[in-house]
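Residues per chain, in single letters:
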Amino acid sequence: MQSPITANKGCVVYEEKEEKVAGGGDEESGIPAIKASYIISEFPVTIPQQKAPTDKPNPKIGVGLLGWSLDNKYLATRNDNMPNAVFIWDIARLELAAVLLQKDAVRRLQWSPARVQLAFCTANSRVYTWTPEGASCVHIPLENFSALDVKWSPNGNAFVLTDKDRFTVSYVD
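Computed from a predicted model, the values in this text were never measured in an experiment.

**Here's the deal with the environment of P132**
- By the secondary structure assignment, P132 is in the loop between β11 (126-131) and β12 (134-139).
- Sequence separation between P132 and L118 is 14 residues, and the spatial gap between their C-alpha atoms is 9.7 Å.

**Details of the state of the cysteines**
- A full pass over the atoms with the stated rule returns zero disulfides.
- With no disulfide of its own, C121 has C137 as its nearest cysteine by sulfur position, at a separation of 13 Å.
- The exposure class of C121 is buried, given its relative accessible area of 0%.
- Given the relative accessible area of 17%, C137 is considered buried.

**Regarding the sheet that holds strand β13 (residues 149-152)**
- What the three strands build is an open sheet, ordered β13-β14-β15; its pairing is antiparallel. The sheet is open, and its two edges are formed by β13 and β15 (167-171), each paired on a single side. When strand polarity is set aside, the average angle formed by the axes of neighbouring strands in this sheet is 25°.
- Relative to β15, strand β14 (residues 158-162) runs antiparallel, the two sharing five bridges. Opposite A158, over in β15, you have Y171 as the bridge partner.

**Some remarks on the side chain of D80**
- Note on placement: D80 falls in the loop between β6 (74-79) and β7 (85-90).
- Within polar-contact distance, the side chain of D80 engages the side chain of R78 at 2.4 Å.
- When near neighbours in sequence (up to four residues on either side) are disregarded, D80 contacts Q50, K60, I61, G62 and G64.

**Overview of unusual backbone geometry**
- With an omega of -5°, the peptide bond between F43 and P44 qualifies as cis.
- The backbone phi angle of L94 is positive, close to 55°, even though this residue is not glycine.
- Among the structural elements, L94 can be located in the loop between β7 and β8 (95-101).
- If you check the backbone angles, A123 has positive phi at about 60° while not being a glycine.
- Relative to the helices and strands, A123 resides in the loop between β10 (118-121) and β11.
- For A123, a relative accessible area of 28% corresponds to the partly exposed category.

**Points about the pattern of salt bridges**
- Summed over the entire model, instances satisfying the criterion amount to eight salt bridges.
- Between K17 and E15 there is a salt bridge, with its nearest N and O atoms 3.4 Å apart.
- By relative accessible area, which is 33% here, K17 ends up partly exposed.
- Its salt-bridge partner being D80, residue R78 comes within 2.4 Å of it at the nearest N-O pair.
- Overall, D80 belongs to the buried group, its relative accessible area being 17%.
- Among the charged side chains, a salt-bridge network with shared partners connects E16, E18 and R126.

**Some details on the packing of aromatic side chains**
- This structure, assessed with the given rule, holds eight aromatic pairs.
- Each ring, one from Y14 and one from Y38, has its centre 5.8 Å from the other, and the planes form 65°; the classification is edge-to-face. You can see Y14 sitting in strand β2 (residues 12-20) and its partner Y38 sitting in strand β3 (residues 34-40), a full 24 residues away along the chain. By the burial criterion, Y14 is buried, and Y38 matches it.

About the cut-offs
Residues numbered from 1 in each chain as written. Predicted model: local features only at pLDDT ≥ 70, side-chain atom pairs only at ≥ 80, totals over all residues. Heavy atoms only, no water. Helix = DSSP H or I, 4+ residues; strand = E, 2+ residues; numbered from the N terminus. Disulfide = S-S within 2.5 Å. Buried < 20%, exposed > 50% of the residue type's maximum accessible area, 1.4 Å probe, protein only. Pairing = 2+ DSSP bridges. Axes fitted to C-alpha atoms, helices over the stretch in contact; angles between N-to-C directions. Polar contact = N/O pair within 3.5 Å; in protein donor to acceptor, adjacent residues only side chain to side chain. Contact = heavy atoms within 4.5 Å. Salt bridge = Lys/Arg side-chain N within 4 Å of Asp/Glu carboxyl O. Phe/Tyr/Trp six-rings, centres within 6.5 Å; stacked < 30°, edge-to-face > 60°.

Structure (C-alpha coordinates):
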(Lines give C-alpha, C1' and ligand atoms only; values in the text may rest on other atoms or scores of the structure.)
Protein backbone atom coordinates (compact mmCIF):
# COMPACT_ATOMS: atom_id res chain seq x y z
CA MET A 1 0.00 0.00 0.00
CA GLN A 2 1.17 3.52 -0.76
CA SER A 3 0.00 6.91 0.43
CA PRO A 4 0.83 9.97 -1.72
CA ILE A 5 1.57 13.46 -0.41
CA THR A 6 1.09 16.41 -2.74
CA ALA A 7 2.91 19.71 -2.43
CA ASN A 8 2.07 22.60 -0.19
CA LYS A 9 4.31 25.66 -0.31
CA GLY A 10 5.74 25.22 3.20
CA CYS A 11 6.33 21.45 3.34
CA VAL A 12 9.77 19.89 2.88
CA VAL A 13 10.17 16.12 2.53
CA TYR A 14 13.49 14.72 3.75
CA GLU A 15 14.31 11.20 2.63
CA GLU A 16 17.07 9.20 4.30
CA LYS A 17 19.60 7.80 1.82
CA GLU A 18 22.44 5.42 2.59
CA GLU A 19 25.68 5.04 0.67
CA LYS A 20 28.74 2.88 1.19
CA VAL A 21 31.84 4.69 2.38
CA ALA A 22 34.92 4.24 0.22
CA GLY A 23 37.32 2.03 2.17
CA GLY A 24 34.53 0.34 4.12
CA GLY A 25 34.71 2.40 7.30
CA ASP A 26 36.81 1.87 10.42
CA GLU A 27 35.40 -0.18 13.31
CA GLU A 28 38.06 1.03 15.81
CA SER A 29 37.30 4.73 15.36
CA GLY A 30 33.54 4.21 15.02
CA ILE A 31 33.43 5.37 11.40
CA PRO A 32 30.58 3.49 9.73
CA ALA A 33 30.87 1.54 6.49
CA ILE A 34 27.55 3.10 5.47
CA LYS A 35 26.92 6.85 5.56
CA ALA A 36 23.39 8.19 5.89
CA SER A 37 22.13 11.62 4.88
CA TYR A 38 18.91 13.31 3.87
CA ILE A 39 17.95 14.38 0.39
CA ILE A 40 15.02 16.69 -0.29
CA SER A 41 12.42 14.84 -2.33
CA GLU A 42 10.29 16.27 -5.09
CA PHE A 43 6.47 16.15 -4.94
CA PRO A 44 4.39 14.08 -5.13
CA VAL A 45 5.99 11.78 -2.55
CA THR A 46 4.70 8.30 -1.83
CA ILE A 47 4.94 7.00 1.73
CA PRO A 48 5.02 3.24 2.23
CA GLN A 49 2.08 2.07 4.28
CA GLN A 50 1.62 -1.17 6.21
CA LYS A 51 -1.67 -2.99 6.25
CA ALA A 52 -2.99 -3.54 9.77
CA PRO A 53 -3.27 -7.25 10.65
CA THR A 54 -6.94 -8.17 10.70
CA ASP A 55 -6.39 -11.55 12.36
CA LYS A 56 -5.15 -10.05 15.67
CA PRO A 57 -7.20 -8.20 18.27
CA ASN A 58 -6.57 -4.44 18.67
CA PRO A 59 -4.24 -3.91 15.72
CA LYS A 60 -2.02 -0.84 15.88
CA ILE A 61 -3.39 1.77 13.51
CA GLY A 62 -3.36 5.56 13.48
CA VAL A 63 -1.08 7.90 15.43
CA GLY A 64 1.13 5.89 17.78
CA LEU A 65 3.70 8.56 18.71
CA LEU A 66 3.28 12.30 19.06
CA GLY A 67 4.86 15.27 20.76
CA TRP A 68 4.52 19.06 20.97
CA SER A 69 7.42 21.47 20.40
CA LEU A 70 8.52 23.87 23.14
CA ASP A 71 6.65 26.80 21.55
CA ASN A 72 3.55 24.67 20.77
CA LYS A 73 3.88 25.66 17.12
CA TYR A 74 4.76 22.15 15.88
CA LEU A 75 3.29 18.72 16.47
CA ALA A 76 5.37 15.67 15.48
CA THR A 77 3.50 12.43 14.78
CA ARG A 78 4.26 8.88 13.67
CA ASN A 79 1.41 6.85 12.26
CA ASP A 80 1.53 3.14 13.15
CA ASN A 81 0.50 2.29 9.57
CA MET A 82 3.43 4.39 8.25
CA PRO A 83 6.14 3.64 10.84
CA ASN A 84 9.02 4.93 8.69
CA ALA A 85 7.70 8.50 8.49
CA VAL A 86 7.68 11.40 10.94
CA PHE A 87 5.12 14.09 10.13
CA ILE A 88 5.76 17.57 11.50
CA TRP A 89 2.67 19.72 11.50
CA ASP A 90 2.69 23.54 11.65
CA ILE A 91 -0.30 24.05 13.92
CA ALA A 92 -0.60 27.81 13.35
CA ARG A 93 -0.98 27.26 9.59
CA LEU A 94 -2.77 23.87 9.91
CA GLU A 95 -0.51 22.20 7.36
CA LEU A 96 2.47 19.89 7.08
CA ALA A 97 5.79 21.63 7.68
CA ALA A 98 7.96 18.57 7.03
CA VAL A 99 7.95 14.83 6.47
CA LEU A 100 11.01 12.73 7.33
CA LEU A 101 11.11 9.37 5.53
CA GLN A 102 13.38 6.88 7.25
CA LYS A 103 14.93 3.57 6.16
CA ASP A 104 13.78 1.95 9.43
CA ALA A 105 10.70 2.30 11.62
CA VAL A 106 10.73 5.26 14.03
CA ARG A 107 10.86 3.94 17.61
CA ARG A 108 10.82 7.11 19.75
CA LEU A 109 10.69 10.85 19.27
CA GLN A 110 11.05 13.73 21.70
CA TRP A 111 11.24 17.52 21.46
CA SER A 112 13.92 19.51 23.24
CA PRO A 113 12.67 21.38 26.34
CA ALA A 114 14.91 24.37 25.47
CA ARG A 115 14.57 24.95 21.71
CA VAL A 116 12.48 23.91 18.73
CA GLN A 117 14.45 20.73 17.96
CA LEU A 118 13.11 17.21 17.55
CA ALA A 119 15.28 14.13 18.15
CA PHE A 120 14.23 10.62 17.21
CA CYS A 121 15.66 7.13 16.75
CA THR A 122 14.98 4.08 14.60
CA ALA A 123 16.82 1.20 16.36
CA ASN A 124 19.98 1.67 14.29
CA SER A 125 23.33 3.38 14.90
CA ARG A 126 22.04 6.89 14.13
CA VAL A 127 20.04 9.61 15.82
CA TYR A 128 18.01 12.04 13.74
CA THR A 129 17.15 15.66 14.44
CA TRP A 130 14.88 18.25 12.87
CA THR A 131 14.56 22.01 13.38
CA PRO A 132 12.68 24.53 11.22
CA GLU A 133 16.06 25.18 9.54
CA GLY A 134 16.56 21.56 8.43
CA ALA A 135 17.19 17.92 9.33
CA SER A 136 20.24 15.79 10.00
CA CYS A 137 21.36 12.17 10.47
CA VAL A 138 24.08 11.74 13.10
CA HIS A 139 26.12 8.54 13.41
CA ILE A 140 26.55 7.16 16.95
CA PRO A 141 30.25 6.16 17.18
CA LEU A 142 29.73 3.06 19.36
CA GLU A 143 30.17 -0.42 17.98
CA ASN A 144 26.91 -2.41 17.70
CA PHE A 145 24.82 0.35 19.32
CA SER A 146 21.15 0.46 18.28
CA ALA A 147 19.31 3.51 19.60
CA LEU A 148 15.93 2.39 20.95
CA ASP A 149 14.99 5.48 22.97
CA VAL A 150 15.88 9.17 23.26
CA LYS A 151 15.35 11.46 26.28
CA TRP A 152 16.37 15.13 26.53
CA SER A 153 17.99 16.59 29.64
CA PRO A 154 15.84 19.17 31.47
CA ASN A 155 17.97 22.08 30.20
CA GLY A 156 17.97 20.80 26.58
CA ASN A 157 21.78 20.80 26.25
CA ALA A 158 22.04 17.02 25.90
CA PHE A 159 20.05 13.87 25.32
CA VAL A 160 20.49 10.24 26.31
CA LEU A 161 20.24 7.46 23.76
CA THR A 162 19.66 3.93 25.01
CA ASP A 163 19.88 0.50 23.46
CA LYS A 164 19.09 -2.84 25.16
CA ASP A 165 21.81 -2.67 27.81
CA ARG A 166 23.87 0.51 27.20
CA PHE A 167 23.44 4.24 26.91
CA THR A 168 25.31 7.24 25.58
CA VAL A 169 24.96 10.97 26.20
CA SER A 170 24.96 13.35 23.24
CA TYR A 171 25.65 17.04 23.79
CA VAL A 172 24.03 19.68 21.61
CA ASP A 173 25.89 22.86 20.60
